[in-house]
Structure formats: structure tokens, C-alpha cells
Amino acid sequence: MTPTQPGQDGILRQALELPDEQKARLLEEMLQHELGSSEESNRPFLEKLDEALTRLESRIQSGSTTPESAVTRRNSGSRRRPDPAPAMEWLRLHSKEYGGEWVALDGDRLIAHGPDAMEVYAAAEADGAYLPMIKYIEPADALPFVF
Amino acid sequence: MPDLSFDVTHIYASTDGIEIPLVISFGSKEVQTSGYADCGAEACIFSNEIGQMLGIDVEAGEPKWFGSASGGTLETYGHMVIIEFLGITLESIVYFAKYAGLRRNLLGRNGWLSKLRFGLVEYDSTVFLSRLT
């Protein structure tokens, strides 16, 4: 692993000392800047930024800042989310095989499946995949849905 | 003619509805799943199981009964959550079913459609979305 550049570390430390709102704004700008860079040597710095943002969002969720701030920040695209497309494509191709079951997917990898939602969820948690897609698949012979 | 523009275009692959992949969060817990856009649903209704995965004490929420097109009823409890989908994030009340077994999650008018500009071309399996500010 390439060590983080000292100058970047210093900036990051200073950013973490700021009030939450300013910290979030600055870290987000730094993250977006680094995301735009193709230099692989910046990877450790990028990971630290992302970790800092995740910690900050956890604090916001726990109530130290208003929920609207969390929404605003998430709308700015600061948080990396898994691309749901591979999971949705897997579901399109394989749903008929798992009708009436819950499935947990890490992209197009099936982690677990079964009729008990919480057992499937526990298996997905144990797998360690980040934010697996968890979904109930309706039986193939289910009547058309109208609530 | 009205001139509409949208921030997001999404082609839905499912043939059984307008399925939207999403992440739903409550506190520090979050689950990636999907919901179906439903202009006929008054609110957002999610399965009890998703509520459990989020660690929600479902029955501690705001109780609300919903009626179905067939005349049936559904007992639910509302909780404030965050829903992220297609790059859009909303803070909304979602009603979780009291009992397990709801076949799909519904993205209805209050809490979802009411916070969006929403366009649909069913023929092309395409939805167009923008968040209202």
C-alpha cells in the first residue's frame, strides 16, 4: 500500500477539527476532487476521506445534527453506494428459480436464499458484503399484484 | 405543450411493475432492496421483514390502516426513514406492515411521489425523476 502523502494527512486532520457542517462540506469537496483524480497513489487518502465521511454521517444519524442535513448531504452524492444493476439483472435472469423465497445478493453473487427473511439477512450479514440487495421474490404462479 | 425536464432516467427491467432499487435507512442501519412505484397507493408501505432488518420496533410507530382495491385491510405502523434511490435521497414516513408476508414494497404518493417530479413511459419501461426542492 502506498503511504498517504503528509500534506494530505495534515489537511485531513485540520478538516476533522472543524464544526460538523463545515467539516462535511470540506470533506465532500476533497472527496469529489480526489474521485476526479486517476492517480492510484491517492487511493489511501481517498479511503481515509470516505471513512471520515461515513463516521460523520453516522454521527448525524445518531442525532447530533438535523435529519434534513443528512438528507442534503446524501443528495450531494458523497456516499458511495453499490451499483444495484448487477443484482437487478441477476433477479431478472433467476427470479423464477427462487419464487417464494428471500434472496441476498452481492452484485450478481447469490449470498443466501430461503423462505425466512431474517435467516437470509443474518447470512448476508455474516458474509460481510457491503449493503447486499435483499428482496422477496414472488412465486412464479402468484396472481398479478393489486394492493 | 409543456416542456418537462428531469434529473434521472431509469429503465426498469421487471415486467411485473415499476421497480426501483433503493436503500432504506433507519438510524445507523440500512438495507438495500427495491420498491414499486405505485401512483394508486396513498403512502409508502414496506414489508414487516424490512422493518425488522432495520432494527425497527415496528409497532412503536404511528398506527395506520390501509384499504386495498379488493376491500381488504392492512395494519401498518409509520416510521421516519431515509430512502435513497437513483441518486435521490428523501426523508419520509414509511408504513411497515404489522405482519410478515407483504409481497412487495410500495412507493406511494405521500412520502415519495409528493416529493418528486415523476414521468413515466410504460411502453419504453422508463421512468423520469427529479427531486422537488
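Residues numbered from 1 in each chain as written. Chains lettered and ligands numbered in written order. Predicted model: local features only at pLDDT ≥ 70, side-chain atom pairs only at ≥ 80, totals over all residues.

**Observations concerning helix α5 (residues 85–94) of chain A**
Of the residues making up α5(A), those classed as buried are A:Ala87, A:Met88 and A:Leu91. Around the axis of α5(A), the buried residues are gathered within 100° of arc, so they sit on the same side. Exposed side chains of α5(A) directed beyond 90 degrees from the buried face belong to A:Ala85, A:Arg92 and A:Leu93. Tucked into the core, α5(A) has its buried residues touching β1 (102–106) and β3 (133–136) of chain A together with β2 (19–26) of chain B. (Buried ≥ 20, exposed ≤ 12 C-beta atoms within 10 Å, placed from the backbone. Helix = DSSP H or I, 4+ residues; strand = E, 2+ residues; numbered from the N terminus. Arc of directions from axis to C-beta. Contact = placed C-beta atoms within 7 Å.)

**What about the environment of A:Ala85?**
Tracing the sequence through the fold places A:Ala85 in helix α5. For the pair A:Ala85 and A:Asp108, spaced 23 residues apart in sequence, the C-alpha separation works out to 8.8 Å.

**Thoughts on the pairing of strand β9 (residues 116–121) of chain B**
In regular strands, side chains alternate between the two faces of the sheet. Residues and elements named next belong to chain B. Sheet analysis places β9 next to strand β10 (residues 126–131), joined by six bridges and oriented antiparallel. Paired with leucine 120 across the bridge in β10 is valine 127. Two successive antiparallel strands, β9 and β10, enclose a turn made up of four residues, where serine 125 displays a positive phi of approximately 55°. (Pairing = 2+ DSSP bridges.)

**Observations regarding the confidence of the model for chain B**
For chain B, mean pLDDT is 95; residues scoring 70 or higher make up 100% of the total. ipTM for the predicted complex: 0.92, alongside a pTM of 0.73. (pLDDT = per-residue confidence, 0-100.)

**Thoughts on the interface of chain B and chain A**
Contact with chain B, which involves 33 residues of that partner, is made by 30 residues of chain A. Counting residues per element, the ones that place at least two in the side of chain B that touches chain A are β2, β3 (29–37), α1 (48–53), β6 (73–85) and β7 (88–97) of chain B. Counting residues per element, the side of chain B that touches chain A draws most heavily on β3(B), which supplies five residues. For the side of chain B that touches chain A, the per-class residue count stands at twelve nonpolar, 13 polar and eight charged. (Nonpolar A, V, L, I, M, F, W, Y, C, P; charged D, E, K, R; others polar.)

**Some details on the pairing of β1(A)**
All names here are of chain A. Most of β1 is tucked away: four of the five residues are buried. Pairing of β1 with strand β2 (residues 109–114), which is carried by five bridges, proceeds in the antiparallel orientation. In the sheet register, aspartate 106 faces β2, and the bridge partner there is arginine 109. Of the strand pairs in this sheet, β1 and β3 are connected by four bridges, and their pairing is antiparallel. Across the sheet, the residue bridging to valine 103 is lysine 135, located in β3.

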